[in-house]
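# Overview (structure and organization)
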Amino acid sequence: GLVLGLARVGVDAWLAEDRPFWFKVTIRIPDTAGGRTDWRERIPQVIDLAKPAHTTYDLELVASLTDR
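Residues numbered from 1 in each chain as written. Predicted model: local features only at pLDDT ≥ 70, side-chain atom pairs only at ≥ 80, totals over all residues. Heavy atoms only, no water.

### A closer look at the confidence of the model for the protein
Counting all residues, the mean pLDDT for the protein is 78, and 75% of those residues have values of 70 or more. Considering each helix and strand of the protein separately, the mean pLDDT is smallest for strand β1 (residues 22-30), with a value of 85, and largest for helix α1 (residues 39-50), with 90. (pLDDT = per-residue confidence, 0-100. Helix = DSSP H or I, 4+ residues; strand = E, 2+ residues; numbered from the N terminus.)

### Considering the pattern of salt bridges
Taken as a whole and judged by the stated rule, the model has 1 salt bridge. Residue E60 is joined to K24 by a salt bridge in which the shortest nitrogen-to-oxygen separation is 3.2 Å. You can see E60 sitting in strand β2 (residues 56-64) and its partner K24 sitting in strand β1, a full 36 residues away along the chain. With relative accessibility at 42%, the residue K24 sits in the partly exposed group. (Salt bridge = Lys/Arg side-chain N within 4 Å of Asp/Glu carboxyl O. Buried < 20%, exposed > 50% of the residue type's maximum accessible area, 1.4 Å probe, protein only.)

### Structural notes on the packing of aromatic side chains
In the structure shown here, the tally under the stated rule is 1 aromatic pair. Consider the rings of F23 and Y57, whose centres lie 5.7 Å apart with planes at 25°: the pair is stacked. With a gap of 34 residues between them, F23 in strand β1 and Y57 in strand β2 connect regions that are remote in the sequence. (Phe/Tyr/Trp six-rings, centres within 6.5 Å; stacked < 30°, edge-to-face > 60°.)

Okay, here's the thing in C-alpha coordinates:
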(Lines give C-alpha, C1' and ligand atoms only; values in the text may rest on other atoms or scores of the structure.)
Protein backbone atom coordinates (compact mmCIF):
# COMPACT_ATOMS: atom_id res chain seq x y z
CA GLY A 1 0.00 0.00 0.00
CA LEU A 2 2.80 2.60 0.10
CA VAL A 3 3.52 4.47 -3.15
CA LEU A 4 6.42 6.92 -3.39
CA GLY A 5 6.54 9.62 -6.03
CA LEU A 6 9.25 11.83 -7.45
CA ALA A 7 9.90 15.20 -5.87
CA ARG A 8 10.78 18.06 -8.22
CA VAL A 9 12.44 21.05 -6.60
CA GLY A 10 10.53 24.19 -7.52
CA VAL A 11 7.48 22.24 -8.72
CA ASP A 12 6.20 20.13 -5.83
CA ALA A 13 9.14 20.42 -3.42
CA TRP A 14 11.08 23.40 -2.15
CA LEU A 15 14.16 24.29 -0.19
CA ALA A 16 13.57 26.53 2.81
CA GLU A 17 16.39 28.87 3.74
CA ASP A 18 15.33 29.21 7.36
CA ARG A 19 14.91 25.48 8.08
CA PRO A 20 18.04 23.63 7.01
CA PHE A 21 17.99 19.85 7.23
CA TRP A 22 14.19 19.83 7.48
CA PHE A 23 11.66 18.15 5.22
CA LYS A 24 7.94 17.55 5.19
CA VAL A 25 6.26 14.19 4.62
CA THR A 26 2.63 14.10 3.48
CA ILE A 27 0.97 10.70 3.33
CA ARG A 28 -2.52 10.07 1.99
CA ILE A 29 -4.14 7.15 3.79
CA PRO A 30 -7.23 5.50 2.29
CA ASP A 31 -10.32 5.98 4.41
CA THR A 32 -10.48 2.25 5.12
CA ALA A 33 -6.66 1.89 5.46
CA GLY A 34 -7.01 -1.86 5.15
CA GLY A 35 -8.25 -2.11 8.73
CA ARG A 36 -4.93 -0.76 10.09
CA THR A 37 -5.16 1.46 13.14
CA ASP A 38 -1.46 1.92 13.96
CA TRP A 39 -0.45 4.26 11.11
CA ARG A 40 0.32 7.20 13.41
CA GLU A 41 2.79 5.08 15.36
CA ARG A 42 4.40 3.10 12.53
CA ILE A 43 4.98 5.79 9.92
CA PRO A 44 7.28 7.92 12.14
CA GLN A 45 9.22 4.77 13.01
CA VAL A 46 9.86 4.07 9.32
CA ILE A 47 10.85 7.68 8.61
CA ASP A 48 13.18 7.78 11.62
CA LEU A 49 14.94 4.63 10.41
CA ALA A 50 15.42 5.99 6.88
CA LYS A 51 16.26 9.66 7.43
CA PRO A 52 19.74 11.02 8.12
CA ALA A 53 20.31 11.58 11.85
CA HIS A 54 20.93 15.33 11.48
CA THR A 55 17.56 16.01 9.85
CA THR A 56 14.10 16.72 11.22
CA TYR A 57 10.68 16.57 9.61
CA ASP A 58 6.98 17.36 9.88
CA LEU A 59 4.51 14.58 9.20
CA GLU A 60 1.05 15.19 7.76
CA LEU A 61 -1.39 12.30 7.45
CA VAL A 62 -4.28 13.05 5.13
CA ALA A 63 -7.38 10.87 5.05
CA SER A 64 -8.22 10.04 1.45
CA LEU A 65 -11.83 9.32 0.56
CA THR A 66 -10.79 7.12 -2.35
CA ASP A 67 -8.00 4.60 -2.68
CA ARG A 68 -5.84 5.59 -5.68
